[in-house]
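Inside the fold
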Amino acid sequence: MAVTSSWFRRRDHNIFLNAFVFLICGLTTGLVVAAAVFPYAAMSGLAAKAGEQAFASLPGELKEFKSPQVTRVYAADDKTQITQFYDEFRSDIPLAQISQSMRDAMLAAEDRSFYDHNGVDLKGVARALVNNKNGGAKQGASTITMQWVRMSLAYSATSPHDVVEATQDTPKRKFTEMKYALELEKQLDKDQILERYLNIVPFGKQTYGIFAASRVYFNKLPKDLTIGESALLAAIVRAPSGYDPTTAEGYERVKERRDAYVIPGMVEMGAITQVQADKAIKEPIPRKVRPISNGCVSVARNNWGFFCDYFYRWWMGRQEFGATAYDRERRLKSGGYRITTTLDVKGQNQARKRVSELISEKNKNALLVAAIQPGTGKVRMLATNRKYKLDDPENPTNPLSSDPRKARKGVHASYPNTVNPLLTGGADITGYQAGSVMKIFTIIAALEKGYPLAYTIKTEKRYRSKYIINSSNDSACPGTHFWCPQNSGGGGEGVFNMWTGFGSSINTYFVPLEERVGAENVVDAAKRFGIQFRSSKDAELASDGYSHQWGAFTLGVSATTPLDMANAYATLAGDGMYCQPTPIEQIRARDGEKLDVGKPSCTRATSENVARAALDAARCPVGDSSRLSSCGGATARATRGIVGHPVFGKTGTTDRDRTASLIAGTTKLVVAGYLVNPDYQNHPDRLRHDQVNPAVMHTLADYMEGRERVQFPRPESRKIAYGDQRSIPDVTCDPLSSARARIDRAGFDTSIGREVDSECPKGTAAGTNPSGRTIKGGVVIIEVSNGKNEEKDPPIITPPIITPPGPRR
């Protein structure tokens, strides 16, 4: 029963369709011909009437839709195109920007009576039906209006089924197109329909619309197309894959169609003369087309690829562009956005040049340079000695990994070609240990807890901390499970404050300072300044249950990226405002609307006074002068002279010199550089600063050249620098026990120092260091007299016996 019912439904459906076709043929070619072609329909007047009713019941209003458009990405100058993203290479343009020859050629190829019919060419339909019924070469008879309807139905489809129904070759689809076309022609004029058609029609080679086609096939704008070029593009539309001029077979087909059908059609229409036609036929047909860039692997200059990748990952992480990764990618590749990024083209190219001068692309070590603008989070440069390129797994050019374990498994290295986010993190890139650059977070936490920059600690070569580690660790105090860090290269004994301790990078100053402040507070400061803890081990150690015991954090054992640290230091230059890193200056939708996405998003990470005070201490390592005290040391002293502007920053080195880093910044830009082996971080080599330091210094100097010199502001409160100052008792020449007791009672951290030349008796107090005044609770060292200048009792002088003179002779 079900089969019979289904058969009747199908039979009735065919009656409706045949009846409608019968009516069309009757109107155009006469009922005799119609009856000959459709005898069944001729037998049924009722069917004809039913067909009319069926046609009337078809929908006539098209859904709103937007055809996919190319998204273009520009540098900060809003002129230099970095790359483009698309699913379909298409950009809509107005009809006025399309040459007259292109309009005429399309009409000659697809619909010569376009300006005469009302959306449906009834004679053409009948002719095609008769021809197709009699076994002739298949004809479609679709007008330009009907073709546009078909493509619009496909683009507005909301399911795969709708797409199939909109494009499958059936009578029902044809009638639906006719109904829509008739209605459309009541709403739009002919030029509006032609404009929409020329912007949506496919031309092969991943090109859609005339703008894309003219760029790909002829590298010119549509308004500049010649008659021959226009005729070629119009000829391709019939079957883009079959009329592809870049293939031998397609070349012959499209040439024949252009020369024998399209161009003669233009003459027939009166669009061109025979002389113009003869000239057009002689125009060459391209056998090669311009490659179409798409995505970050096709950036205009290869060294922009890592920035492009950062932008792409940023976009894919934004919920504003869709609930799922699929939605966000579709939006990027079809939304037709004009995206102006933060990339400084001149600075980027100079940074890459500086890197290239110092290290080869074929070096296993990567020199990573990231730069960011303080107060905005705008990422200006991302440069490294790598090509942004996928290494062909079938024919790799990258050597085997420098990590022996990976090499044994056949894993290839990430040089010279890689698309890994080496500078920004993500995917499998969790970052790299950067060493002492992380000490800045201990300074920040200490200042927040009320410790001033002038806070002093008496340091030793090796410090016994309270942090517990495995007793078998090389850093453990002998025979204990306590961590005993020492200074790089040994030494480092003396009294240091935050200026001098940071300037000379004294480990045994920062570990006890971290103990007093609380390691958990130092880790918290780092989090507020944007450190992300991407590795699972770091994330666990940074969690609330463990961070209080993470003593080594101050020495830079957690993994970070150059972009992380550039932005952390930029937060200081931004007066304590942390701004999320962003690659965006402006995003405009296809209608020109500006989107409020990617703009600077800033939160207060610390107070203005703390930021300014910490930055003042950070001027010491890079050879600048503190505005509040003296530095007493520098680990990258040449920076100030090379940059030529007020500058701050810090160097970093990890255990056994496995990485080297430098951060340097001004009020305008902060640059972070890492020298690492990204494939084998536990390598045995020693990486020095002779590559990373010049790269950072000169990148910053290049950017600052010609810019105004701007001084860093002082903190408003002197207390954050000098603390609560107290007078130190004068204990000169006092016995040591008495001197110590007096200074202890005054509230200072007293210790006995070295012997010095003094007029005081040997073994007594020669004086103190410092003397006069110092911070409450600060270190005061009693210097011991060696007695060398001690005053002796004056010698007893026996007056000479004077004999009175005798008588004169």
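What you see is a predicted model; the values in this text were computed from it and never measured.

1. A short note on the overall build of the protein
Assigned secondary structure in the protein consists of 29 helices and 25 strands. In the protein, which comprises 809 residues, the proportion classed as buried is 52%. Residue pairs in contact within the protein that sit at least 24 positions apart in sequence constitute 70% of those at least 6 positions apart. Split by element, the accessible area of the protein, about 37400 Å² in all, is 50% carbon and sulfur.

2. Some thoughts on the packing of aromatic side chains
Any two aromatic rings considered together are summarised by their centre-to-centre distance and by the angle between their planes. Tallied over the full model, the rule gives 22 aromatic pairs. When the ring of Phe306 is compared with that of Tyr388, the centres are 5.2 Å apart and the planes differ by 85°; the resulting orientation is edge-to-face. One end of the pair, Phe306, is in helix α15 (residues 305-316); the other, Tyr388, is in strand β8 (residues 387-388), with 82 residues separating them in the sequence. For the pair formed by Phe306 and Tyr388, the shared burial category is buried. Taken together through their ring pairs, the aromatic side chains of Phe85, Phe311, Tyr312, Trp314, Trp315, Phe321 and Tyr337 make up a single cluster. Just above the ring of Tyr251 sits the side chain of Arg287; from NZ or CZ to the centre is 3.6 Å. When the ring centre of Tyr74 is taken as origin, the NZ or CZ atom of Arg338, which lies over that ring, is 3.9 Å away.

3. Considerations on the sheet that holds strand β20 (residues 670-676)
Taking strand neighbours across the sheet as the criterion, the five strands line up as β7-β6-β20-β19-β18 in an open arrangement whose pairing is antiparallel. Only two strands of the sheet have a single partner each, and these edge strands are β7 (379-384) and β18 (648-653). Going across the sheet, the axis of each strand differs from the next one's by a mean of 10°, ignoring polarity. Two elements, strand β6 (residues 366-372) and β20, share seven bridges in a ladder whose sense is antiparallel. Each residue of the ladder has a partner; that of Ala371, found in β20, is Val671. Contacting β6, β7, β18, β19 (660-665) and β20, helix α24 (residues 562-573) crosses the sheet at an angle of about 35° to β6.

4. A word on the pairing of strand β5 (residues 338-341)
Pairing geometry for strand β1 (residues 71-74) and β5, over three bridges, is parallel. Along β5, the bridge assignment pairs Tyr74 with Thr340. Sheet topology places β5 next to strand β15 (residues 584-588); four bridges connect them, and they run antiparallel. Bridge pairing in β15 links Ile339 to Ile587.

5. Remarks on the sheet that holds strand β22 (residues 749-756)
With mixed pairing, three strands are arranged side by side in an open sheet as β22-β25-β23. Each end of this open sheet is capped by a strand with a single partner; those strands are β22 and β23 (765-769). Here the strands of the sheet are splayed against their neighbours by 30° on average, with no regard to which way each runs. Pairing of β23 with strand β25 (residues 779-785) involves four bridges; the strand directions are antiparallel. Note on β25: the bridge partner recorded for Asn769 is Ile781.

6. Notes on the pattern of salt bridges
This structure, assessed with the given rule, holds 40 salt bridges. Close ionic contact of Lys353 with Glu357 constitutes a salt bridge, the shortest N to O distance being 2.7 Å. With a gap of four residues between them, Lys353 and Glu357 both fall in helix α17 (residues 345-358), about one helical turn apart. Here Arg656 and Asp474 are joined by a salt bridge, their closest N and O atoms 3.6 Å apart. Highlighted residues: Arg656 in the loop between β18 and β19 and Asp474 in the loop between β11 (457-459) and β12 (494-496), separated in sequence by 182 residues. Owing to a relative accessible area of 47%, Arg656 belongs among the partly exposed residues under this scheme.

7. Regarding the state of the cysteines
On inspection of all chains with the given rule, the structure shows five disulfides. Two residues share a disulfide in this structure: Cys296 and Cys308, whose sulfurs sit 2.1 Å from each other. With the S-S bond torsion at -80°, the cross-link from Cys296 to Cys308 turns out left-handed. Of the two residues, Cys296 is situated in the loop between α14 (274-281) and α15 and Cys308 in helix α15; the sequence distance between them amounts to 12 residues. When its relative accessible area of 8% is taken as the criterion, Cys296 is described as buried. By relative accessible area, Cys308 is classed as buried at 2%. Through a disulfide, Cys620 is tied to Cys631; the S-S separation comes to 2.1 Å. Taking the torsion about the S-S bond as the criterion, the Cys620 to Cys631 disulfide, at about -70°, is left-handed. One end of the pair, Cys620, is in the loop between α25 (608-617) and α26 (638-643); the other, Cys631, is in the loop between α25 and α26, with 11 residues separating them in the sequence.

8. A look at the environment of Ala638
Following the sequence through the fold, Ala638 ends up in helix α26. On a C-alpha basis, the gap between Ala638 and Asn693 in space is 9.2 Å, while along the polypeptide they are 55 residues apart.

9. Structural notes on the environment of Thr635
Relative to the elements of secondary structure, Thr635 occurs in the loop between α25 and α26. Measuring from C-alpha to C-alpha, the distance between Thr635 and Cys620 comes to 8.5 Å, with 15 residues separating the pair along the chain. Sequence-distant contacts of Thr635, defined by excluding residues within four places in its chain, comprise Gly503, Ser504, Ser505, Pro621, Lys650 and Thr651. Within the structure, Thr635 has its side chain in polar contact with the side chain of Thr651 (distance 2.7 Å).

10. Brief notes about unusual backbone geometry
Pro416 follows Tyr415 through a cis peptide bond whose omega is 0°. Backbone torsion omega between Asn769 and Pro770 reads 0°, so that peptide bond is classified as cis. Along the chain, the position of Pro770 falls in the loop between β23 and β24 (773-775). For Asp78, which is not glycine, the phi torsion reads 65° and is therefore positive. Following the sequence through the fold, Asp78 ends up in the loop between β1 and β2 (81-85). Exposure remark for Asp78: the relative accessible area of 25% places this residue in the partly exposed category.

11. Quick word on the packing of helix α12 (residues 227-236) against helix α13 (residues 248-269)
Relative orientation of the contacting elements α12 and α13 amounts to 115°, with a least axis distance of 9 Å. By the criterion of interaxial angle, the relationship of α12 to α13 is roughly perpendicular. For the pair α12 and α13, the crossing hand works out as right-handed. Every residue of α13 that contacts α12 at Ile227, Gly228, Ala231, Leu232, Ala234, Ala235 and Ile236 is listed here: Val254, Arg257, Arg258, Val262, Ile263 and Met266. In terms of residue class, the contact of α12 with α13 is made up of 10 nonpolar, one polar and two charged.

12. Let's talk about the nonpolar core
By size, the foremost hydrophobic cluster in this structure holds 99 residues, and its most contacted members are Trp315, Ile440, Phe441, Ile443 and Leu453. Apart from residues lying up to four places away in sequence, Phe441 is in contact with Val522, Ala525, Ala526, Phe529, Ile531, Met565 and Ala568. Leu184, Phe203, Leu233 and Ala235 belong to the second-largest nonpolar core, a separate cluster that totals 59 residues.

13. Notes on the packing of helix α19 (residues 439-448) against α24
Viewed as axis vectors pointing N to C, α19 and α24 meet at an angle of 30°, and their least axial separation amounts to 11 Å. Relative to α24, α19 is oriented so that their crossing is left-handed. Together, Ile440, Phe441 and Ile444 of α19 and Met565, Ala568, Tyr569 and Leu572 of α24 make up the contact between the two elements. Class assignment for the residues of the contact of α19 with α24 results in seven nonpolar, no polar and no charged.

Cut-offs applied
Residues numbered from 1 in each chain as written. Predicted model: local features only at pLDDT ≥ 70, side-chain atom pairs only at ≥ 80, totals over all residues. Heavy atoms only, no water. Helix = DSSP H or I, 4+ residues; strand = E, 2+ residues; numbered from the N terminus. Buried < 20%, exposed > 50% of the residue type's maximum accessible area, 1.4 Å probe, protein only. Contact = heavy atoms within 4.5 Å. Areas by Shrake-Rupley, 256 points an atom, 1.4 Å probe, with all protein chains shown as cover. Phe/Tyr/Trp six-rings, centres within 6.5 Å; stacked < 30°, edge-to-face > 60°. Lys NZ or Arg CZ within 6 Å of the ring centre and 35° of its normal. Pairing = 2+ DSSP bridges. Axes fitted to C-alpha atoms, helices over the stretch in contact; angles between N-to-C directions. Salt bridge = Lys/Arg side-chain N within 4 Å of Asp/Glu carboxyl O. Disulfide = S-S within 2.5 Å. Polar contact = N/O pair within 3.5 Å; in protein donor to acceptor, adjacent residues only side chain to side chain. Parallel < 35°, antiparallel > 145°, perpendicular 65-115°, else oblique. Left-handed = near helix turned anticlockwise from the far one by under 90°. Nonpolar A, V, L, I, M, F, W, Y, C, P; charged D, E, K, R; others polar. Core = buried A, V, L, I, M, F, W, Y, C linked by side-chain atoms within 4.5 Å.

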